[in-house]
Amino acid sequence: MLLQQLQAIAQSGKYYTKDVFDMERYEQLEDVAKKIAAKYTGADEQQLNIFFDSDNGYVTPKVDVRAVTFNSEDKILLVNEKLSDTWSIPGGWADIGYSAGEVAIKETHEEAGIHVTPKRLIAVRDIQKHNYAKKNLSYIYRHIIECVPDDNNIGDVDTSETDAANYFTLDEALQLKLSLNRNIPEDLELAFDCHNSKVWDTIFD
């Protein structure tokens, strides 16, 4: 988190300052932050440049959207991540030109092969404040959205990212090898709590 704050200060300062000396100081700060990042993350120069130079102006968190879908048997939809052989709630980065609900629809269709309708926002999670696997330099807000499937049936799944999809009870889901940078057991428990509640107050932290 401290490294991300350094990056944000340097990048925002470079964008807004009109003083040549301040610009030099912000560039020096960014250089120091890159060296620290390289030391503690193992990222190479190209990865660091993408992280530090991918945005302009005031630095804000990236947005990840997860689409929680339950079938008529009150089981949750999870997909198997091909590269890591782990299970996760379908989802991914929010795309420009799409609302959060539209991202939930798109990601579920791409990863699980079914069409869903977004229903309500379960939670907005600051992943730095929870026990997700920290494998990304970016500061991320995760939006978890409950969806309703248009059809309970799941066809064969074989995409560039996923190779299986299935519905699970909470107990079954918690026994799976989860993709802990995408979802943690607490997310699954929250999803079931929301699904079983007629009234739900969105959790944000």
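Residues numbered from 1 in each chain as written. Predicted model: local features only at pLDDT ≥ 70, side-chain atom pairs only at ≥ 80, totals over all residues. Heavy atoms only, no water.

Enquirer: If you had to explain the nonpolar core to someone new, which residues and values would you point to?
Expert: Grouped burial of nonpolar side chains is what soluble globular proteins tend to show. Core analysis: the biggest nonpolar cluster contains 17 residues, and Val68, Ile76, Leu78, Ile122 and Leu188 have the highest contact counts within it. Here the element with the most residues in this core is helix H6 (residues 185-195); it accounts for five residues. Not counting residues within four places of it along the chain, the set of residues in contact with leucine 188 comprises Ile76, Leu78, Ile89, Leu170, Ala173, Leu174 and Leu178. Membership of the second largest hydrophobic core comes to 14 residues, among which are Leu77, Val79, Ile145 and Cys147. (Core = buried A, V, L, I, M, F, W, Y, C linked by side-chain atoms within 4.5 Å. Buried < 20%, exposed > 50% of the residue type's maximum accessible area, 1.4 Å probe, protein only. Helix = DSSP H or I, 4+ residues; strand = E, 2+ residues; numbered from the N terminus. Contact = heavy atoms within 4.5 Å.)

Enquirer: Run through the pattern of salt bridges, naming residues and quoting values.
Expert: Pairs can form between side chains of opposite charge once their charged atoms are near each other. According to the stated counting rule, one finds 15 salt bridges in the structure shown. Close ionic contact of glutamate 146 with arginine 120 constitutes a salt bridge, the shortest N to O distance being 2.7 Å. Separated by 26 residues along the polypeptide, glutamate 146 in strand E6 (residues 140-149) and arginine 120 in strand E5 (residues 116-126) bring together distant segments of the chain. For glutamate 146, a relative accessible area of 2% corresponds to the buried category. Taking relative accessible area as the criterion, arginine 120 reaches 18% and is therefore assigned buried. Because the salt bridges share partners, they merge into one network encompassing Asp95, Lys106, Glu107 and Glu110. (Salt bridge = Lys/Arg side-chain N within 4 Å of Asp/Glu carboxyl O.)

Enquirer: If you had to explain helix H4 (residues 100-112) to someone new, which residues and values would you point to?
Expert: With 13 residues, H4 should cover 18 Å at 1.5 Å per step; its first-to-last C-alpha distance of 18 Å lies within 8% of that length. Of the residues making up H4, those classed as buried are Gly101, Val103, Ala104, Lys106, Glu107, Thr108, Glu111 and Ala112. Of the surrounding secondary structure, the elements contacted by the buried residues of H4 are strand E1 (62-69), strand E2 (76-81), strand E4 (91-93), E5, E6 and strand E7 (162-168). At the C-terminal side of H4, glycine 113 shows a positive phi close to 75°. (Expected span 1.5 Å × (residues − 1).)

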